[in-house]
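Descriptive structure summary
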Amino acid sequence: METRGLVSKIQRYSTKDGPGIRSTVFLVGCNLRCAWCANPEAMFPDKKVMFHQNLCKRCGACVEAADNHAIQLTTKGCEIDRDACTNLATLADVCPYNAYENIGTVVGAEELVERLLRDRAFYDVSKGGVTFSGGEPCLQNEFLEKVVRILKAEGIHVAIDTAGLWSFDQVWPILEMSDLILLDIKAMDAYIHQLCTGTDNRIILENARNIAEKGKKIWVRMVIVPTMNDDLPDIKRRLDFIKELGDSVERIDLLKYHALGIGKYEALGVKYPLSGIGECDEGLIQEILAYASRIGLSIRFG
Amino acid sequence: MNTCLSFVPSNTECDFERIGKLQNRMNNRVPSICPERAEIVTRSFQETEGEAIVVRRAKALHKILEEMTIYIEEDSLIFGNQASVNFAASIFPEYSFEWVIKELDEFSSRSGDYFEITEETKARLRPLESYWKGKTHAEEVLHNLPEINRQAERQGVLHRGGISMSGDGHVIPNHDFVLEVGFGGMARIAEKKLQNPDLTQEQKDYYEASIIAMNGALKYIKRFGKLAMEKSQKETDEKRKQELRDMSKACENLMEGKAKSFYEAVETVYLTHLLMMIESNGHSFSFGRFDQYIYPYYQADLEAGVLTKEKALEILTHFFIMTNSLNKVRPWGHTQYSGGYPLYSNLMVGGMKPDGTDGTNDISYLCLEAMNQSKLPEPNLSVRYSKDTPDDLLKDSAMLIRQGFGMPSLFCDEVVIPAMMTLDLELETARDYASMGCVETAIPGKWGHRATGMTYINFGKIFELILNNGMDPKTGIQLLSITGKEGRDAAYESYDKLWEAWEKALRFYSDLAVDCDLVCDRALKHHDADAFASSTIDCSLERGKTLKNGGSEYDFISQSNIGPSVVGDSLYAVKKLVFDEQVLTLKKLQEVLDANFEGAEGAQVRKLCRAVPKFGNDNNEVDEIVANVYESYLALLPNYRTDRHGRGPKGCRYTMSTSNITSYVPNGFDVGATPDGRLAGKPLNEGASPCLGADREGPTAVINSISKLPNDRMAGGQLLNMRFSPGALAGEENLEKFINFIKVARFKNVFHNQFNIADGETLRDAKAHPEDHVDLMVRVAGYCALFSTLMPEAQDAIIERTEHQW
Ligand code: SF4
Ligand code: SF4
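Residues numbered from 1 in each chain as written. Chains lettered and ligands numbered in written order. Predicted model: local features only at pLDDT ≥ 70, side-chain atom pairs only at ≥ 80, totals over all residues. Heavy atoms only, no water.

Notes on the overall build of chain B
When its secondary structure is counted, chain B shows 32 helices and 18 strands. Taking the principal axes of the C-alpha coordinates as reference, chain B spans close to 80 × 65 × 55 Å. A separation of at least 24 residues holds for 79% of the contacts in chain B among residues at least 6 apart in sequence. When the accessible surface of chain B is summed, it comes to about 25700 Å², and 49% of that surface belongs to carbon and sulfur atoms. For chain B, the distance from the average site of its 90 positive side-chain charges to the average site of its 117 negative ones is 2 Å. (Helix = DSSP H or I, 4+ residues; strand = E, 2+ residues; numbered from the N terminus. Contact = heavy atoms within 4.5 Å. Areas by Shrake-Rupley, 256 points an atom, 1.4 Å probe, with all protein chains shown as cover. Lys, Arg positive; Asp, Glu negative; His and termini not counted. Charge placed at Lys NZ, Arg CZ, Asp CG, Glu CD.)

Focus: the overall build of chain A
Secondary structure assignment for chain A yields 12 helices and 13 strands. Expected size for 302 residues packed as a compact globule is a radius of gyration near 19 Å; at 21 Å, chain A falls within 12% of this value. Dimensions of chain A along its principal axes, counting C-alpha atoms only, are 65 × 45 × 35 Å. Within chain A, the proportion of its 302 residues that are buried is 55%. Sequence-distant contacts, at least 24 apart, represent 69% of the contacts inside chain A between residues at least 6 apart. For chain A, the computed accessible surface area is about 13600 Å², with 49% contributed by carbon and sulfur atoms. The averaged location of the 42 negative side-chain charges in chain A is 4 Å from the averaged location of its 36 positive side-chain charges. (Rg over C-alpha atoms; globule rule 2.2 N^0.38 Å. Buried < 20%, exposed > 50% of the residue type's maximum accessible area, 1.4 Å probe, protein only.)

Focus on the side chain of B:Ser540
All names here are of chain B. Take serine 540: it is sitting in helix α23 (residues 540-543). When its relative accessible area of 0% is taken as the criterion, serine 540 is described as buried. Excluding its chain neighbours within four sequence positions, the residues that come into contact with serine 540 are Tyr206, Ser534, Ser535, Lys545, Thr546, Leu547 and Gly551.

So, the interface of chain B and chain A
Contact with chain B, which involves 25 residues of that partner, is made by 24 residues of chain A. Between chain B and chain A the total buried area reaches about 2200 Å² when both faces are included, carbon and sulfur atoms providing 50% of it. At the junction of chain B with chain A, the criterion picks out 5 salt bridges. For B:Glu733, the salt bridge identified is with A:Arg300, shortest N-O distance 2.4 Å. Viewed at the interface, chain A and chain B are joined by 16 residue pairs in polar contact (both at pLDDT 80 or more). Contributions of two or more residues to the side of chain B that touches chain A are made by α26 (599-611), α29 (699-706) and α30 (731-744) of chain B. With 8 residues, α30(B) is the single largest residue contributor to the side of chain B that touches chain A. A class-by-class count of the residues in the side of chain B that touches chain A yields 10 nonpolar, 8 polar and 7 charged. (Buried area = accessible area lost by both parts, 1.4 Å probe. Salt bridge = Lys/Arg side-chain N within 4 Å of Asp/Glu carboxyl O. Polar contact = N/O pair within 3.5 Å; in protein donor to acceptor, adjacent residues only side chain to side chain. Nonpolar A, V, L, I, M, F, W, Y, C, P; charged D, E, K, R; others polar.)

Section: helix α11 (residues 238-251) of chain B
All names here are of chain B. A rise of 1.5 Å per residue sets the reference length of α11, with its 14 residues, at 20 Å; its end C-alpha atoms lie 20 Å apart and thus fit the reference within 8%. Every buried residue of α11 is accounted for by Arg240, Lys241, Glu243, Leu244, Met247, Ser248, Ala250 and Cys251. Tucked into the core, α11 has its buried residues touching α1 (16-27), α10 (201-234), α12 (262-279) and α14 (309-322). Of the residues flanking the start of α11, the one acting as N-cap is aspartate 237, its side-chain oxygen 3.2 Å from the backbone nitrogen of lysine 239. (Expected span 1.5 Å × (residues − 1).)

Section: the site of ligand 2
Around ligand 2 lies a shell formed by A:Cys30, A:Leu32, A:Cys34, A:Cys37, A:Met43, A:Gly135, A:Ala163 and A:Lys186. Class assignment of the residues belonging to the shell around ligand 2 gives a composition of 6 nonpolar, 1 polar and 1 charged. (Near = heavy atom within 4 Å.)

Quick word on the packing of helix α21 (residues 495-527) of chain B against helix α24 (residues 564-580) of chain B
Residues and elements named next belong to chain B. Put simply, α21 and α24 touch, their axes get as near as 10 Å, and they point 155° apart. Looking at the two axes, α21 sits roughly antiparallel to α24. Handedness of the α21/α24 crossing: right-handed. Contacts between α21 and α24 involve Tyr495, Leu498, Trp499 and Trp502 from the former and Val567, Leu571, Val574, Lys575 and Phe579 from the latter. Of the residues that constitute the contact of α21 with α24, the class distribution is 8 nonpolar, no polar and 1 charged. (Axes fitted to C-alpha atoms, helices over the stretch in contact; angles between N-to-C directions. Parallel < 35°, antiparallel > 145°, perpendicular 65-115°, else oblique. Left-handed = near helix turned anticlockwise from the far one by under 90°.)

Re the packing of α10(B) against α12(B)
Residues and elements named next belong to chain B. Two elements in contact, α10 and α12, have axes whose closest approach is 12 Å; the angle formed by their N-to-C orientations is 115°. Taken as a pair, α10 and α12 cross one another with a handedness that is right-handed. Where α10 approaches α12, its residues Ala217, Tyr220 and Ile221 are matched on the opposing element by Leu271, Leu274, Leu275 and Ile278.

Points about the packing of aromatic side chains
Residue and element names in this part refer to chain B. Tallied over the full model, the rule gives 34 aromatic pairs over all chains. Plain terms: the ring middles of phenylalanine 115 and tyrosine 341 are 5.4 Å apart, the flat faces sit at 80° to each other, and that makes the pair edge-to-face. You can see phenylalanine 115 sitting in the loop between α4 (98-103) and α5 (119-125) and its partner tyrosine 341 sitting in the loop between α15 (332-335) and β5 (346-350), a full 226 residues away along the chain. You'll find phenylalanine 115 and tyrosine 341 in the same group, each marked buried. Pairing phenylalanine 319 with phenylalanine 320 gives two aromatic rings, centres 5.8 Å apart and planes at 75°, and the pair type is edge-to-face. Judged on exposure class, the residue phenylalanine 319 and its partner phenylalanine 320 are both buried. Members of the aromatic cluster, connected to one another through ring pairs, are Tyr270, Phe287, Phe290, Tyr293, Phe319 and Phe320. Its end group placed over the ring of phenylalanine 87, arginine 29 keeps NZ or CZ at 3.6 Å from the ring centre. (Phe/Tyr/Trp six-rings, centres within 6.5 Å; stacked < 30°, edge-to-face > 60°. Lys NZ or Arg CZ within 6 Å of the ring centre and 35° of its normal.)

Here's the deal with the confidence of the model for chain A
Note: predicted coordinates in regions of low pLDDT should not be interpreted at a detailed level. Taken as a whole, chain A shows an average pLDDT of 94; of its residues, 99% reach a score of 70 or greater. The weakest mean pLDDT in chain A belongs to helix α11 (residues 262-268) of chain A at 88; the strongest belongs to strand β9 (residues 157-162) of chain A at 98. (pLDDT = per-residue confidence, 0-100.)

Some thoughts on the sheet that holds strand β12 (residues 560-562) of chain B
All names here are of chain B. Across the sheet, 3 strands lie side by side as β3-β10-β12; this open sheet has mixed pairing. Two strands close off the open sheet at either side, each with one partner strand: β3 (158-159) and β12. Bridge count between β3 and strand β10 (residues 456-458): 2 bridges; the pairing is antiparallel. Counted as the bridge partner of histidine 159 is tyrosine 456 from β10. Against the sheet, helix α20 (residues 459-467) makes contact with β10 and β12, and its axis sits at roughly 40° relative to β10, the strand it touches most. (Pairing = 2+ DSSP bridges.)

This is how it looks when you write it as structure tokens:
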């Protein structure tokens, strides 16, 4: 049987996930649970249903159609009892105004590649390519390996955006074929990491060292989330760690936390884990930049 | 001062502060109506009854130039004015006048493109009406228009374009020639021609008219010489005093012969433009390949040490700003088609030279910088690019685009040149193309007519008609029946039958549109017999013919086709839902469309319709159908000839163009709900762009879809308009990516592209609070306009364009 994968979205003309003009493929499923995750539709496993309250015209069709009277029209719009609603996935066909959206498409490797290659001219001219993100793309390792293999045979630049929590032996063949690894370093202290992501970081750091040792090009991404992983001493340790990774690290991006994912949580009927977190303190950013330059790291910010 | 692009001033010869003042004044310009020209032209025509029309028009021009109010704009190095005050629109009663009188009291209260008008002006215009009654161009057109065309107009399929009531415009003079011989030189050519004893009466009249027109132009210049001297005597600022003295000195013999300096060349280009716009109220008089013909003058002055790059920039920027002092007033009905006071004065830089080498030079960059400093709707700046275009030029262009006022628009040589070659041009000639007006393409100095925008054909409406067997549900008018029977019932059994109906109806209405073109063109032959503009075009002086009577070297025109994407998307929706998947009957669809998708069932059907893939998302099936829509029109063109056929110009044929200005908005008013899910009355698609909001897969998918259209046979011009969010272009890296995005168009068969960089929030706010966004300029449809001057429906259409953001 053809290898298939579960994809939440393909973002064409993506400019944030590596060099040049890229297509970013978001694969569904992740083994971390970062409190700030901006892609909950790709973080949680399986297909999902999003409900867009703003599109609802209160026609009542979904109320009729829902099993177990799981949906009620209230003054606020539709209230969905997701546990009771056993036919939620069918409502996208019911609602005339597309308030329900099914997320997650099963796609074959060849088919996915065919779609990605449509933008080949853009990759070629801009020295861009394809980035696999998610979720944790390496969880669908068989599928990913197959797709990357075909893309590489086509001469396409491939980047893997990963959090690094996987068995090295299983995933290395994919990374080895790829041109660039986008690696998140979220925290050094195991306890902080646990608090932020639900898992400890031992394997992640070890994998990071291994990738670096093999000489794979790495772009490290550090997102700083106030109250979560903004402890300055720990951030300095992260920078020290990155420094240790050596020449494989080609670039470091410091990213500010944003709450743009919050709408998606609402649409998925899931509580947003963070609340009322403001912008990252400008002073902290300056300190981070200053420390990085002191230890000889150049960081991009903004 | 605005931050420069790549230009770094190395001395203070460009006074940026003064540019700022001039710019600011122009930004707050007040549109008004000026009665002067109308009065003078009426008096002149009363004096010349019985003479040949070309002579009468030349005499009228001469008289206007002698008598009209002239002024020198404060601070400006460039002089020459079209009407008595800045940004006033003159009236051209000889083309059409009835509407002017009818709308006199409405000019100042329009919802878009308003004009201030005083009671005195109204009182001066009203008495002129009786003279022009029965004499105007518009009346002649109306008189000769067949009844069936009127019916087709009532249905909303055809729309008589500007040429049915105003001059044609659309002239790109041969500036190399004009700058080389001057107005005086042209008069001398005409004088010499007059010595020939074997001339026809037409030729004699033309040469005589040309001499009168050119002498009028020279007198106009001399008047400025005098005025500048007077002003200099009163001026207290030493620098300005000297400038006025220099201006006065230049006027002593400016354009009696060759332009003698860079300054004279730029001033002449401006004057030539302006004089054509006093002679006729056509629009889209354009500058052509400005960097190519100005460069020799620039280089000579640099070498002689009498000019610096900085001074050149100052002169160019003043010139750019001053092109915004001109104006044109259209009837309200036409204004809806072209909102935002557009003059479509295209100015093009970059691209290949006729020999195939890259033509980019200092002036190309300086023009981008001048636009960066001036940031006003005119001139309509366009950049040509090819594989040899320096990255620096693209970078300056991208930096300008990023600022979000819609300029420059970009033309891809690798696509446009082959498209021009379909007109059987020599390669060297095709390589010299320039954009004229918004996105139409012409060869400067060789074309004598609009390349597009003759009669407007509403493709969306034709589609609605075929679903109804040719009957318009709104008016009940039926001019053709697909089934041969009367009534609305068409009951197509297959997609092929539906397609055949499309082809049949398209041909029917295209034929009518060509008839309408001919009626307009024949009337223009008389009413737009313009000796001044004609003399600037190759062959006209040689043949002794005005452009409208066959004076130009080439002659290719096109109509304006509105809504090919709506039609393609709709055809595909019917194909899929009714014929392939059979989830709907045609009858049911029809009912739902009649009800504008209202009610529960309507909503369900609309959902199905909207779910069918749309053009702009790189879906081969629907893209192919849209391409077929283009092919169906292209196939008709060999049948058509222009009125000048057999009278001199090469070609005299039709080509295709999707340049349709803002007409996609009002054309949508006339079209009921369509099977693509579009609601009744909503806009059609703009140019070749996807339907509003239909492109969901990002800009690369849009380009891929566009690439499947027969763009390299669209010799009249193809229009694509995309909107990016400001964030998508922020920073060096994103800029670099955007430049590459532009470059890919070369491999993707993309004729033209233009960009709006504005987020929805800003646009919505600008609609609600225009006072806070007076200078927000947007790309409308091949030209730029201040957002606040557009009518609300056109503003909405821009807001609804898909915003590509990452
Ligand atoms: S079917 Fe859609 S529009 Fe109707 S009530 Fe449910 S969500 Fe709202
Ligand atoms: S690793 Fe990435 S996808 Fe997974 S939870 Fe964290 S942020 Fe979300």
